[in-house]
Amino acid sequence: MVVEMHAGLASDGGSKLKMLLTFVDALPTGNEEGIYYSIDLGGTNFRVLRVEVGAGSVIIGQMVEQQPIPDELTKGTTEDLFNFVALALKSFLEGENDLDGKRALGFTFSFPVRQTSVSTGSLIRWTKGFSIGDTVGKDVAQCLNEALANCGLNVRVTALVNDTVGTLALGHYYDEDTVAAIIIGSGTNACYIERTDAIIKCQGLLTNSGGMVVNMEWGNFWSSHLPRTPYDILLDEETHNRNDQGFEKMISGMYLGEIARLVLHRMALESDVFGDAADSLSNPFILSTPFLAAIREDDSPDLSEVRRILQEHLKIPDAPLKTRRLVVKVCDIVTRRAARLAAAGIAGILKKLGRDGSGVASSGRTRGQPRRTVVAIEGGLYQGYPVFREYLDEALVEILGEVARNVTLRVTEDGSGIGAALLAAVHSSNRQQQGGPI
């Protein structure tokens, strides 16, 4: 991981890790005050948030409104999509009776973007089922600003971020020792605070603080050291983004159930352990990760929940207890591998920063005593699947040894909403008074 991080920082295209610059060089410190807004557009729903903050890391109040994005807009025109979002913000502001005055807006846009400043960035490609051809290459913040102006709103995007950067911002708001953020949900990503002079591909880049948040896009990490199995190869072949997102396909919630299904299907083909149920196990993605988690966490003596899932969802009736135990074991192995790989990724980031106990940052600078280190972590797999969380925490201790005592993984909820609003606060016109160097 560290080798690839160096390569991605040295040149664009130098690594599977994109190591994208975010131009975020100041993070919330807890001293921000006022009312800020954010829009979170990252999938089939989008949200509008109003966040009121007071000094001392106090969130006084927040209002959230969620709306589905009509299917036709995900394949329509750029103008239609952003007008829809702008009108939703306008009706939200009308409901809040807050149409007067200039407002700073944080815009969480969780698609691959090439950032050109903290508040501008062009879309590299759509993902998650969106396919609006004329948006690719356009500055998405400008698209939203134009739609907001057309609606007569005096609101401008002051921070364009992805959800991982929002999670880091929210983590830093509560605890200034936060140096990285990880999302492990249906997808996965990481970002961290890098020294500006270590970003070789942007020689001469100056920031106010000497640091900048780097969006790793770590789902795309790949290395010959990753323990790839025939099941990973089969999974990759049945996805639309073959040879991409290799790390994500081993550790994230979108894929874990499918890896287990591929293993069970092969068992069914090569033995009579499932009777003649091989056909019902041949449907891709029939075993979702929530089912995998429920199977692994069934602690009843006769594994009754496992029996129910096999019967109702996988159409495997009357599986004996021995077979049910085998299914639990497969789900356990897939979960454990994913959690341990994620922990290794986190340890890689800490090693790059010189916070893994080696005493030396990978830049060669020596460090003194181990410092307290906080990693903000968000996403349903870590938050909602205790076995995954335990395996990840356990592996981190195993890798870091004594230093693990100085490392805290802190669950940080709603970075993509509240975190973006806080970044709007830091990077708005009054940024001289707000936010701290990183």
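Every chain begins its residue count from 1, and numbering advances along the sequence as written. Local features are withheld for residues below a pLDDT of 70 in this predicted model, meaning they are given only at 70 or higher, and side-chain atom pairs are given and counted only at 80 or more; totals for whole chains, interfaces and linings count all residues. Each side-chain value is worked out from all heavy atoms of the structure, with water and hydrogens disregarded.

In the annotation of an unreviewed UniProt entry, the protein is listed under the name Phosphotransferase and assigned to Leersia perrieri. The record in UniProt for the protein states the following under Sequence similarities (unreviewed entry): "Belongs to the hexokinase family." UniProt positions are given in the numbering used here, feature names are shortened, and annotations may be inferred rather than shown by experiment.

1. Examining the side chain of Asp414
Counting from the N terminus, the helices are DSSP H or I runs at least four residues long and the strands are E runs at least two residues long. Its place among the elements puts Asp414 in the loop between β14 (407-411) and α13 (415-426). Once residues within four sequence positions are removed from consideration, Asp414 is found in contact with Arg47, Leu49, Gln62, Leu170, Glu378 and Gly419. Contact definition: two residues touch when any of their heavy atoms are within 4.5 Å.

2. Things to note about the sheet that holds strand β12 (residues 211-215)
DSSP calls a pair of strands paired once it identifies at least 2 bridges connecting them. Read across the sheet, six strands follow the order β1-β12-β11-β10-β13-β14 without closing on themselves; strand pairing throughout is mixed. Two strands in the sheet have a free side with no partner beyond their single neighbour: β1 (20-21) and β14. Bridge analysis of β1 against β12 gives two bridges, and the strand direction is antiparallel. Within β12, the residue paired with Leu21 across the bridge is Val214. Between N-to-C directions, angles cover 0 to 180 degrees, with each direction set by a line fitted to C-alpha atoms, over the stretch in contact for helices. Here helix α4 (residues 163-174) sits on the sheet and contacts β10 (178-184), β11 (188-195), β12, β13 (373-378) and β14; the angle it forms with β10, its principal contact strand, is near 135°.

3. So, the pairing of β13
Only protein chains enter the accessibility calculation, which uses a 1.4 Å probe; a residue whose area is less than 20% of its type maximum is buried, one above 50% is exposed, and one in between is partly exposed. Along β13, six of the six residues are buried, which leaves the element largely enclosed by surrounding structure. Both faces of β13 are covered, namely the face carrying Thr373, Val375 and Ile377 and the face carrying Val374, Ala376 and Glu378. The pairing of β13 with β14 spans five bridges and is classified as parallel. Bridge pairing in β14 links Val375 to Leu409.

4. Remarks on the nonpolar core
The term nonpolar core refers to a set of buried residues drawn from Ala, Val, Leu, Ile, Met, Phe, Trp, Tyr and Cys, joined through side-chain atoms within 4.5 Å. In terms of nonpolar packing, the biggest core is built from 78 residues, with Ile182, Tyr192, Met216, Trp218, Ile346, Ile349 and Leu392 touching the most fellow members. Broken down by element, the residue count for this core peaks at 14 residues, all from helix α10 (residues 321-352). Val48, Ile132, Val155 and Leu160 belong to the second largest nonpolar core, which has 35 residues in total.

5. Digging into the sheet that holds strand β6 (residues 103-109)
Pairing is mixed across the open sheet formed by five strands, whose spatial order is β5-β4-β3-β6-β9. Each of the sheet's edge strands pairs with one partner strand only, and the pair in question is β5 (58-68) and β9 (155-161). Across the sheet, the mean angle separating the axes of adjacent strands is 25° when strand polarity is ignored. Helix α2 (residues 78-95) rests against β3 (34-41), β4 (45-54), β5, β6 and β9 of the sheet, and its axis sits at about 40° to β4. Strand contacts of helix α3 (residues 140-150): β3, β6 and β9, with the helix running at about 160° to β9, the strand carrying the most contacts.

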